[in-house]
Amino acid sequence: MAVRRVVPNIQSETLQESRVFYGLLGFEEVMNLGWITTLASPSAPAAQVSVMANDKTAPVVPDMSVEVDDVDAVYAIVRDSGAEIVHPLQDEEWGVRRFFVRDPNGRVVNVLSHR
């Protein structure tokens, strides 16, 4: 299995102000679904940050997202390890397949692959 990128997720009620702030650091908007905005570095597109008010289809806002090449394989490994699955593996309408898992520190990780 391969990790494609890791993205910190920042919970915020000020999405527009956050977009402007991260723009000052050189990030540009690459996705905006209304409830989540993702910004990326133009020179290193995998360097990203996401800002979200809430998660549209999950019970919590994850602390970070990890994009992998095979989310089903990662899900099986994580599930078999006994780690707490916070949000079940499912296909989302915006083109990802994902699940949430809690790490040993209590942080929620969104593990996903693009479809």
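An unreviewed UniProt entry annotates the protein as Glyoxalase originating from Streptomyces natalensis ATCC 27448.

Enquirer: Would you explain the pattern of salt bridges in this entry?
Expert: Side chains that differ in charge, positive against negative, can pair when their charged atoms come close. Applying the stated criterion across every chain yields a total of 11 salt bridges. The shortest N-O distance in the salt bridge between Arg-98 and Glu-92 comes to 3.0 Å. Each of the two residues, Arg-98 as well as Glu-92, counts as buried. Because the salt bridges share partners, they merge into one network encompassing Asp-72, Asp-91, Arg-97 and Arg-115.

Enquirer: Explain helix H2 (residues 71-81) here, please?
Expert: Given 3.6 residues per turn, any residue in an α-helix points the same way as the ones three and four places further on. Among all positions in H2, only Val-71, Val-74, Tyr-75 and Val-78 are buried. An end-on view of H2 places all buried positions within 105° of arc, on one side of the element. Lining the buried residues of H2 we find strand E5 (64-68), strand E6 (85-91), strand E7 (96-102) and strand E8 (108-114).

Enquirer: It is not clear to me how the packing of aromatic side chains should be interpreted in this structure. Could you clarify?
Expert: The geometry of an aromatic ring pair comes down to the distance between the two centres and the angle between the two planes. Under the counting rule described, the total for this entry stands at 4 aromatic pairs. Aromatic side chains Phe-21 and Tyr-22 sit 5.0 Å apart centroid to centroid with 85° between the ring planes, which places their arrangement in the edge-to-face category. Among the residues examined, Tyr-22 registers a relative accessible area of 18% and is labelled buried. The interplanar angle of 75° and the centroid separation of 5.0 Å between the aromatic rings of Tyr-75 and Phe-99 together place this pair among those described as edge-to-face. Of the two residues, Tyr-75 sits in helix H2 while Phe-99 sits in strand E7, which places them 24 residues apart along the sequence. For Tyr-75, a relative accessible area of 17% gives the class buried.

Conventions we followed
Residues numbered from 1 in each chain as written. Predicted model: local features only at pLDDT ≥ 70, side-chain atom pairs only at ≥ 80, totals over all residues. Heavy atoms only, no water. Salt bridge = Lys/Arg side-chain N within 4 Å of Asp/Glu carboxyl O. Buried < 20%, exposed > 50% of the residue type's maximum accessible area, 1.4 Å probe, protein only. Helix = DSSP H or I, 4+ residues; strand = E, 2+ residues; numbered from the N terminus. Arc of directions from axis to C-beta. Contact = heavy atoms within 4.5 Å. Phe/Tyr/Trp six-rings, centres within 6.5 Å; stacked < 30°, edge-to-face > 60°.

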